Amino acid sequence: MDKIGVLVTHKPLPYLEQELTRRGCRLFRLWESPESCRLEFCRENSSEIRAIVGNSNFGADAATIDALPKLEIVASFSVGLDKVDLPKCKERGIRVTNTPDVLTDDVADLAIGLTISVMRRIPSADKYARSGAWKKGEYTLTTRFSGKRVGILGLGRIGLAIAKRAEAFDCPISYYSRSEKPHPNYTYYSTPVDLASNCDILVVACALTEETRHIVNRAVIDALGPKGVLINIGRGPHVDEPELVAALVEGRLGGAGLDVFENEPHVPEELFALDNVVLVPHVASATIETRTAMADLVLGNLEAHFLKKPLLTAVV
Amino acid sequence: MNILSESEQIPIAMESLGVLVTYPLFPYLEQELLRRGCHLLRLYHSPETNHLAFLRANASSICAVVCDTHVGADAAMIDALPGLEIVSTFSVGVDKVDLVKCKERGVRVTNTPDVLTDDVADLAIGLAIAVLRKLPAADRFVRKGAWKTGGYPLTTKFSGKRVGILGLGRIGLAIAQRAEAFNCPISYHSRSRKPHPNYKYYPSPLDLASNCDILVVSCALTDETRLIINRAVIDALGPQGVLINIGRGHHVDESELVSALVEGRLGGAGLDVFENEPDIPEELFQLDNVVMTPHVGSDTVETSMAMADLVIANLEAHVIGRPLLTPVV
């Protein structure tokens, strides 16, 4: 990979930056340019840039791809590819890789962790304990997690890993997915509203596509109801955020655990006062172990491409 | 001949039963005891210094004690109540009931096992993920607007970490079952080896702590297990290790725990219980690798109702001469 020009769209994991440099790559740090200058930066360096390392915030959109005639491969530091213009890449013959499997456990752990944290109000109880309020009275009763019906939107790698964990808590599992899967223990529902009407905890674990944008809309939120809990470890745009906020503030939805938002890093401030909501800053795969494994996969894919070997985790 | 059917008998069996209540009851439990005609004597209405006097003054009425983890039934109380027949604790832990004295006096004791097992196990796992993934700290980070200026630092993975359980009873087993779904290798220490081929037994708490990443306290509090988590065990767990305590505050040498956490000699802790509740050592408040909950292990509506039903069913069984449902003594 000596002297290969790599456009890095976001501030990378130090280990990844180190390894790319060690292999002789020439790094072009897009995130260091102000947003308005980024296309210009790409054009200025287009004769050298043959690879992009993108992530869930900034991938490779049509304009960026157009500005880079020598681009051969986009290696995304994420499993989600909603920020990569896949049809454009296909058209141009540009390979695209992502980081599936290595992050499945972390994301599933976060989904379960958020669920227990919402239902048992762990962050709120922790705040109560730290404030000294316990000296004046007991914390309020919360609601049990074990045995609650868990509905999963999208039964891919992550959805299945969530199901496996929830089963250990005796949670009946149901799901919605583009097609029914061969899982006799899991109940299939043919629409998101049916799924939401028949579960206590709804988890968003599908890819973001045109079909799944706002899949959690007012109707789904109403079906989930005042005792229902929404867990979003997918993408912010999966959910109609203003509807979600209104439902939570008005008590029409029982609670939510959210790792993603429509306009990160902005989080609707109306949620800050609520004890039945847990908010985390897009950390589903953000452990040192998983980010290192993701970096290894990005490096492995780039190396394979430039050595003309089969890619490890190609999507296009 | 009794003209009432058995189902009509039961509700009136507890009428006028004198019940000493040591601490404010879960409202549903109080309601149900009153509905059955029990005569409730509320110890907590008296200041602590007056308790013995209150007991003696009401001794002739008191046949039963309903207590909990806050105020139990100690030797002095039992001695002051010659008419006492049964102690029903609203908890599974019986460390606040003088079992030896009860046995001596022929006083029955019941607790609330099983109905709370799931909730306590859920909290143990919830605390473990919350500590390793720093969920409360990340939530605070978002709420104070810090995400706008930068990301939250990387944390550490829960799945696959070695989970060591102190005490493999109902709760310990429920924790193991859950942790297995996260591919966590399970090990344990207990008074005796159990028939679980998948779970590795260690003959001492120190061995267990040296060989796991997350150590969960889920044994009963007895003279033997008091301070079972001492300096040596904390050192063995080490700077990447995490302690989860859903047992009793007295299982842990709290001042050793606090200094280990403050000095970074222990990686983190999830604590639902403390040596001197409701006091929590304030040095812990600055730490992002510690999650604290105010003894909420079984505090869900569903479980509280099930525990209340069990207390009532045990009292009823005693009064009508049927076998107790969950006797300890």
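Residues numbered from 1 in each chain as written. Chains lettered and ligands numbered in written order. Predicted model: local features only at pLDDT ≥ 70, side-chain atom pairs only at ≥ 80, totals over all residues. Heavy atoms only, no water.

Caption draft 1: Region of interest: the UniProt feature "domain: D-isomer specific 2-hydroxyacid dehydrogenase NAD-binding" (unreviewed entry) in chain A. Taking the numbering used here, the UniProt-annotated feature "domain: D-isomer specific 2-hydroxyacid dehydrogenase NAD-binding" (unreviewed entry) corresponds to residues 113-284 of chain A. With 29% helix and 15% strand, the stretch residues 113-284 of chain A has end C-alpha atoms that lie 11 Å from each other. (UniProt positions renumbered as here; feature names shortened; annotations may be inferred. Helix = DSSP H or I, 4+ residues; strand = E, 2+ residues; numbered from the N terminus.)

Caption draft 2: The arrangement of the pattern of salt bridges in detail. Going through the model one piece at a time under the given rule, you end up with 42 salt bridges over all chains. When the shortest N-O distance is used, the salt bridge between A:Asp105 and B:Lys157 registers 4.0 Å. Of this pair, A:Asp105 sits in helix α5 (residues 104-119) while B:Lys157 is found in the loop between α7 (135-143) and β6 (163-166), placing the two residues in two different chains. By relative accessible area, which is 23% here, A:Asp105 ends up partly exposed. Looking at B:Lys157, the relative accessible area reads 17%, which means it is buried. (Salt bridge = Lys/Arg side-chain N within 4 Å of Asp/Glu carboxyl O. Buried < 20%, exposed > 50% of the residue type's maximum accessible area, 1.4 Å probe, protein only.)

Caption draft 3: Representation of a nonpolar patch on the surface in the model. Together, A:Leu141, B:Val301 and B:Met305 give the surface a local cluster of nonpolar side chains, amounting to about 200 Å² of exposed area. Turning to its location among the elements, A:Leu141 is positioned in the loop between α6 (122-131) and β6 (150-153). Residue classification places A:Leu141 among the partly exposed positions, given a relative accessible area of 33%. (Patch = residues over 30% accessible without salt bridge, like charges linked within 9 Å, V, L, I, M, F, W, Y side chains within 5 Å. Areas by Shrake-Rupley, 256 points an atom, 1.4 Å probe, with all protein chains shown as cover.)

Caption draft 4: Examining the nonpolar core more closely. Counting 186 residues, the largest nonpolar core has A:Ile162, A:Ile233, A:Leu302, B:Leu29, B:Leu215 and B:Ile229 as the members making the most contacts within it. Looking at this core element by element, the count peaks at eleven residues for helix α6 (residues 117-132) of chain B. Not counting chain neighbours up to four residues away, the residues in contact with B:Leu29 comprise B:Val66, B:Phe90, B:Ala308, B:Val311 and B:Ile312. Judged by nonpolar contacts, the second largest core, of 21 residues, contains B:Ile62, B:Val65, B:Met77 and B:Val109. (Core = buried A, V, L, I, M, F, W, Y, C linked by side-chain atoms within 4.5 Å. Contact = heavy atoms within 4.5 Å.)

Caption draft 5: Representation of the sheet that holds strand β1 (residues 5-8) of chain A within the structure. Residues and elements named next belong to chain A. Spatially, five strands are ordered β2-β1-β3-β4-β5 in an open sheet, and the strand pairing comes out parallel. In this open sheet, the two strands that pair with only one neighbour each are β2 (26-29) and β5 (95-97). In this sheet, adjacent strand axes meet at a mean angle of 20° when their direction is disregarded. Where β1 and strand β3 (residues 49-54) come together, four bridges link them in parallel fashion. In the strand pairing of β3, Val 8 is matched with Val 53. (Pairing = 2+ DSSP bridges. Axes fitted to C-alpha atoms, helices over the stretch in contact; angles between N-to-C directions.)

Caption draft 6: Layout of the sheet that holds strand β12 (residues 290-292) of chain B. Residue and element names in this part refer to chain B. Read from one edge to the other, the open sheet built from seven strands follows the order β8-β7-β6-β9-β10-β11-β12, with strand pairing classed as parallel. Of all strands in the sheet, those bounded by a partner on one side alone are β8 (200-201) and β12. Sheet topology places β6 next to strand β7 (residues 186-189); four bridges connect them, and they run parallel. The residue bridging Leu 166 from the neighbouring strand is His 189, located in β7. Helix-sheet contacts for helix α8 (residues 170-180) involve β6, β7 and β9 (214-217), and the interaxial angle to β6 is about 170°.

Caption draft 7: Inspection of the interface of chain A and chain B at higher detail. At the interface, 60 residues of chain A touch 62 residues of chain B. For the pair chain A and chain B, the summed buried area comes to about 5,100 Å², and 59% of that belongs to carbon and sulfur atoms. Per-residue buried area on chain A facing chain B is highest for A:Arg120, A:Arg130 and A:Trp134; these three make up 17% of the total on that side. A salt bridge links B:Arg140 to A:Asp126; the nearest nitrogen and oxygen atoms lie 3.1 Å apart. Counting the contacts that link chain A with chain B gives 36 residue pairs in polar contact (both at pLDDT 80 or more). Of all the secondary-structure elements, those providing two or more residues to the side of chain A that touches chain B are α5, α6, α7 (157-167), β12 (277-279) and α11 (288-306) of chain A. For the side of chain A that touches chain B, the leading source of residues is α5(A), giving nine residues. Classifying every residue of the side of chain A that touches chain B by side-chain character gives 33 nonpolar, ten polar and 17 charged. (Buried area = accessible area lost by both parts, 1.4 Å probe. Polar contact = N/O pair within 3.5 Å; in protein donor to acceptor, adjacent residues only side chain to side chain. Nonpolar A, V, L, I, M, F, W, Y, C, P; charged D, E, K, R; others polar.)

Caption draft 8: Structural view of α11(A). With 19 residues, α11(A) should reach 27 Å at 1.5 Å per residue; the first-to-last C-alpha distance of 27 Å fits that figure. Of the residues flanking the end of α11(A), it is A:Lys308, one or two places downstream, whose phi is positive at about 60°. (Expected span 1.5 Å × (residues − 1).)

Caption draft 9: Looking closely at the UniProt feature "domain: D-isomer specific 2-hydroxyacid dehydrogenase NAD-binding" (unreviewed entry) in chain B. The positions UniProt marks with the feature "domain: D-isomer specific 2-hydroxyacid dehydrogenase NAD-binding" (unreviewed entry) are residues 125-297 of chain B. Along residues 125-297 of chain B the backbone is 29% helical and 14% strand, and the end-to-end C-alpha distance reaches 11 Å.

Caption draft 10: A look at the side chain of A:Asn301. Within the secondary structure layout, A:Asn301 lies in helix α11. Not counting the four nearest positions on each side in its chain, A:Asn301 is found in contact with A:Ile73, A:Thr97, A:Asn98, A:Leu311, A:Leu312 and A:Thr313.

Caption draft 11: How the structure looks around the confidence of the model for chain B. The share of residues in chain B with pLDDT of 70 or more is 97%, and the mean pLDDT across the chain is 96. Reported confidence for the predicted complex is 0.96 by ipTM and 0.95 by pTM. (pLDDT = per-residue confidence, 0-100.)

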